Amino acid sequence: MLKALFPTLSRVRFAVQVVMLFVTVYGSVLVGTYMADKLSNNLPALSCAYDQMNGGYCVLIPTQHILHHRIGEAIVRAQQLTFGMVLPLLMSFVAFFAFFFVLGKAFCGWVCPLGTLQEIVGRVGRRFGIGLRRLEDGDLVAARRVRPVKWLLLLGLVFLLPLLTGLGVTPHALGNPYCDLCPSRIATTLLTGNTEQLAVHLGDGWSFALGATGNTIIGFMLIGGLAIRQPFCRICPMLAFNTLFQRLSPCRLVKTRHANCGTCRICTEACPMDIPEISLEDGRKAYSEDCTLCGRCAEYCPQDGTIRLKWGPLTLFSSQRNYYKTKVQRELPDGTVKPVRFVRKPGSADHA
Amino acid sequence: MQGRLLLITWLAMAGVAQAAPHEHGVPAAEGRAKPAAWSALPLLLPVGGRGGERDGAQLRPVGIAASELLVFAPDGSQKSYPVDAEGARIRSAAPTQGNYHWVLAREETPTHVGIASTTWYFSNPGPAPAKLLARQKAELEITPSPLPREHGSYRESEKWRFAVLFMGQALAGKSLRMETEGGSRSVVQTDQNGIATVLFPRDFAASKGGGHGRPKMNFVLAVEHEAGGKHYRTTFNHTYTPDADRNRSLAWGGAFLLVGMLGAVPLLRRRAANNQRPEA
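Residues numbered from 1 in each chain as written. Chains lettered and ligands numbered in written order. Predicted model: local features only at pLDDT ≥ 70, side-chain atom pairs only at ≥ 80, totals over all residues. Heavy atoms only, no water.

Draft legend 1. Expanded view of the overall build of chain A. Each helix and strand counted, chain A has 16 helices and 4 strands in total. Its C-alpha atoms give chain A a radius of gyration of 22 Å, within 12% of the compact-globule value 20 Å for 352 residues. With the C-alpha coordinates of chain A rotated into their principal frame, the extents come out at 90 × 45 × 45 Å. Residues counted as buried form 57% of the 352 residues belonging to chain A. (Helix = DSSP H or I, 4+ residues; strand = E, 2+ residues; numbered from the N terminus. Rg over C-alpha atoms; globule rule 2.2 N^0.38 Å. Buried < 20%, exposed > 50% of the residue type's maximum accessible area, 1.4 Å probe, protein only.)

Listed below in structure tokens is the structure:
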């Protein structure tokens, strides 16, 4: 029964994503209305605090608020150092890490509502035969340079600007600038039937600019996502945040070298983040900063045991030639689903 | 302590009540702080506005002769704070326990019980206020169902539900009066479950809308009930904020969404055939 429902790792992951999409967007019906009831306000996924129906929200908003309202203001007051600055940020990071420790970067690939929505857009693109574009040589090679952008967004918009706002250097409108850009804010609130976040703030120049940029990003993501897999994930500061702790989680990707590595490159082709390291490298280098632990590389590796998803000493999933053969019959590595063909049964013409 | 204060309040109010006639057994105005300019109903108003300290606040009872404020914490504890000319300084239940607290002022005569209530949000973490709201805190209560979430607020043009309870039981068919600082006045009836659905009026002046530190105005809800020869009147006051749409533009939002979409359209062109990866 289970085998029929979830024949592949991808199917298991999609089921988890759909459940987590419900939890992260509408979860208050399960856990309760108030913030104190929530799963956490330090989730390693873009579950938006502006969505009044969610079941928990992401670590980036408390990080910005603590830097803005507590650390910046505490530095200005130059008092209450321990209780005002260190403890709130530490508690926020500890709560985040308690969640992160369990799944690591799988939060990106299995839980994040924005990741799920982008995958759904991508599936629509494959269904309608829109050609896949890749960030690699021979295609969108210039776009490969976006990799550091997620670090710039994390440092600039999540850490630096909120702190400068708390210090009184930058205007109040820059208190939580990342949230003002985040497409998950717009997407998840729209899913609850609320258009408020889609409307751009007219209050001042900064608010307008940030809101306009956020709307432009989600517009790009909706159409670009038909051709490029996971376009926003590539610049997502949550991915960078999770990468900071990547080596500390027992949940990880493990790759050993095989003679065909670097030549067949099916794993890179299957990777929704177009990560070349997974086919070219092995060991720690193969587990790239862009990896979301979705497991597609392991599903599409035709070599037994070459790529594995592991949690501590436990192997959660391991590449297998037989699995690959079955999988590729249903769906190509780039996500294109093979069309169902109706063929005449041999000999049936005689009965017609 | 609480009983003694109530007795003193009662004796004081009894004297005042005999001195001057009034309607519905409500004590006369002597001994009370002057009502707010926008409403004659009893209110608990913050001194210096909402916000400020994380574990303390100063509230002033207005239009009610209360000698103390009772603060109910979400952990079930309760504490009283004496009221002086400046109001009462209240604190969260413990330095580390924040979240919503229920604040109540009371005046009582042999024929009248007046309650002014509000909530105060202390921004430190604390238990969710579900049990706090469910607990009976006075004879006649107006209980938000639910309260706005921690980063939320009552807002213009929104509908919010309030339960009207007497001795913990729902009161059906009761009139719940609303008065706002913006000058609106309305009355809604409770349904068979004692729930009144209140539409917050759109009465902010145009210049007051929007912004992160958005402006707030006060509102008060009032209900009255007669039972056992006594007249009960309870108020619940809080603040509400402008409709988010006042300072936002859906048209601009849609326009930039479209700009982003158009920017991505070139990606939908197929790659040149010589760049296609060979089939795996």
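Draft legend 2. Quick look at the overall build of chain B. Helix and strand counts for chain B come out as 3 helices and 17 strands. In chain B, the proportion of contacts linking residues at least 24 apart, taken out of those at least 6 apart, comes to 64%. If you sum the accessible surface of chain B, you get close to 12900 Å²; carbon and sulfur atoms cover 55% of it. (Contact = heavy atoms within 4.5 Å. Areas by Shrake-Rupley, 256 points an atom, 1.4 Å probe, with all protein chains shown as cover.)

Draft legend 3. Layout of the packing of helix H7 (residues 113-127) of chain A against helix H10 (residues 183-191) of chain A. Residue and element names in this part refer to chain A. Between H7 and H10, the least distance of the axes is 10 Å, while the angle of their chain directions is 80°. Accordingly, the angle class assigned to the pair H7 and H10 is roughly perpendicular. Packed against H7, whose contacting residues are Pro113, Leu114 and Leu117, the element H10 presents Pro183, Ser184, Ala187, Thr188 and Leu191 at the interface. (Axes fitted to C-alpha atoms, helices over the stretch in contact; angles between N-to-C directions. Parallel < 35°, antiparallel > 145°, perpendicular 65-115°, else oblique.)

Draft legend 4. Representation of the pattern of salt bridges. Per the counting criterion, the structure on display carries 22 salt bridges over all chains. As a salt-bridge pair, Glu119 of chain A and Arg13 of chain A come within 2.7 Å of each other at their nearest N and O atoms. Separated by 106 residues along the polypeptide, Glu119 of chain A in helix H7 and Arg13 of chain A in helix H2 (residues 9-26) bring together distant segments of the chain. Take Glu119 of chain A: its relative accessible area is 13%, and that puts it in the buried class. Arg13 of chain A sits in the buried class, given a relative accessible area of 4%. Note that Glu139 of chain B and Arg106 of chain B form a salt bridge whose closest N and O atoms lie 2.6 Å from each other. (Salt bridge = Lys/Arg side-chain N within 4 Å of Asp/Glu carboxyl O.)

Draft legend 5. Spotlight on the packing of aromatic side chains. One pass over the structure, following the stated rule, counts 28 aromatic pairs over all chains. The rings of Trp102, Tyr154, Trp160, Phe162, Phe200, Phe204, Phe219, Phe236 and Tyr240 of chain B are connected pair by pair, giving a single aromatic cluster. Sitting over the ring of Phe14 of chain A, Arg123 of chain A keeps its end group 4.3 Å from the ring centre. Over the aromatic face of Trp102 of chain B sits the side chain of Lys137 of chain B, whose NZ or CZ is 4.7 Å from the ring centroid. (Phe/Tyr/Trp six-rings, centres within 6.5 Å; stacked < 30°, edge-to-face > 60°. Lys NZ or Arg CZ within 6 Å of the ring centre and 35° of its normal.)

Draft legend 6. Expanded view of the pairing of strand E7 (residues 112-122) of chain B. Residue and element names in this part refer to chain B. Among the 11 residues of E7, 10 are classified as buried, and the element is accordingly described as predominantly covered. Bridge count between strand E6 (residues 99-109) and E7: 11 bridges; the pairing is antiparallel. In the sheet register, His101 faces E7, and the bridge partner there is Trp120. Linking E6 back to E7 in an antiparallel pair, the connection comprises 2 residues. As paired strands, E7 and strand E16 (residues 230-241) are joined by 6 bridges and run parallel to one another. Bridge pairing in E16 links Ile115 to Thr234. (Pairing = 2+ DSSP bridges.)

Draft legend 7. View of the interface of chain A and chain B. Listed as interface residues are 55 residues of chain A and, on the opposing side, 47 residues of chain B. At the boundary of chain A with chain B, total buried surface from both sides reaches about 4100 Å², with 58% on carbon and sulfur atoms. When the buried area of chain A at its contact with chain B is split by residue, Tyr34, Glu196 and Ile223 of chain A rank highest and sum to 16% of it. Linking chain A with chain B are 1 salt bridge. Across the salt bridge formed by Glu196 of chain A and Arg155 of chain B, the nearest N and O atoms sit 2.4 Å from each other. Summed over the shared surface of chain A and chain B, the number is 13 residue pairs in polar contact (both at pLDDT 80 or more). Of all the secondary structure elements, the ones that give two or more residues to the side of chain A that touches chain B are helix H4 (60-77), strand E1 (200-201), helix H11 (205-224) and helix H13 (266-270) of chain A. Per element, the largest residue contribution to the side of chain A that touches chain B is 10 residues, and it comes from H11 of chain A. Split into classes, the residues belonging to the side of chain A that touches chain B amount to 26 nonpolar, 17 polar and 12 charged. Inspection of the sheet shows E1 of chain A paired to strand E17 (residues 248-249) of chain B by 2 bridges, in the antiparallel sense. (Buried area = accessible area lost by both parts, 1.4 Å probe. Polar contact = N/O pair within 3.5 Å; in protein donor to acceptor, adjacent residues only side chain to side chain. Nonpolar A, V, L, I, M, F, W, Y, C, P; charged D, E, K, R; others polar.)

Draft legend 8. Region of the structure containing helix H12 (residues 237-244) of chain A. For H12 of chain A, a buried count of 7 out of 8 residues is recorded, marking the element as mostly surrounded by other parts of the structure. Burial in H12 of chain A covers these residues: Pro237, Met238, Leu239, Ala240, Phe241, Asn242 and Thr243 of chain A.

Draft legend 9. Broad picture of the sheet that holds strand E4 (residues 314-318) of chain A. All names here are of chain A. Judged by pairing direction, the sheet is antiparallel, and its 3 strands sit side by side in the order E2-E3-E4 without closing on themselves. Taken across any chain shown, the strands that pair with only one partner, and hence form the sheet edges, are strand E2 (251-255) and E4. On average, each strand axis in the sheet is inclined to that of its neighbour by 30°, with strand direction left out of account. Two strands pair when backbone bridges link them, and E2 and strand E3 (residues 307-311) are joined in this way by 5 bridges, in the antiparallel orientation. Within E3, the residue paired with Val254 across the bridge is Arg308.

Draft legend 10. Geometry of a positive patch on the surface. Taken together, the side chains of Arg11, Arg123, Arg127 and Arg330 of chain A define a basic patch exposed on the protein surface. With respect to the secondary-structure elements, Arg330 of chain A resides in helix H16 (residues 321-330). (Patch = residues over 30% accessible without salt bridge, like charges linked within 9 Å, V, L, I, M, F, W, Y side chains within 5 Å. Lys, Arg positive; Asp, Glu negative; His and termini not counted. Charge placed at Lys NZ, Arg CZ, Asp CG, Glu CD.)

Draft legend 11. Quick peek at the environment of Asp180 of chain A. Residues and elements named next belong to chain A. Of note, Asp180 is situated in helix H9 (residues 177-181). Of the residues examined, Asp180 reaches a relative accessible area of 16% and is grouped as buried. For Asp180 and Ala212, which are 32 residues apart along the polypeptide, the C-alpha to C-alpha distance reads 9.1 Å. When sequence neighbours within four positions are dropped, the list of residues in contact with Asp180 reads Tyr50, Ala173, Arg185, Leu210, Gly211 and Gly214.

All quantities given are derived from atomic positions and should not be read as evidence of function.
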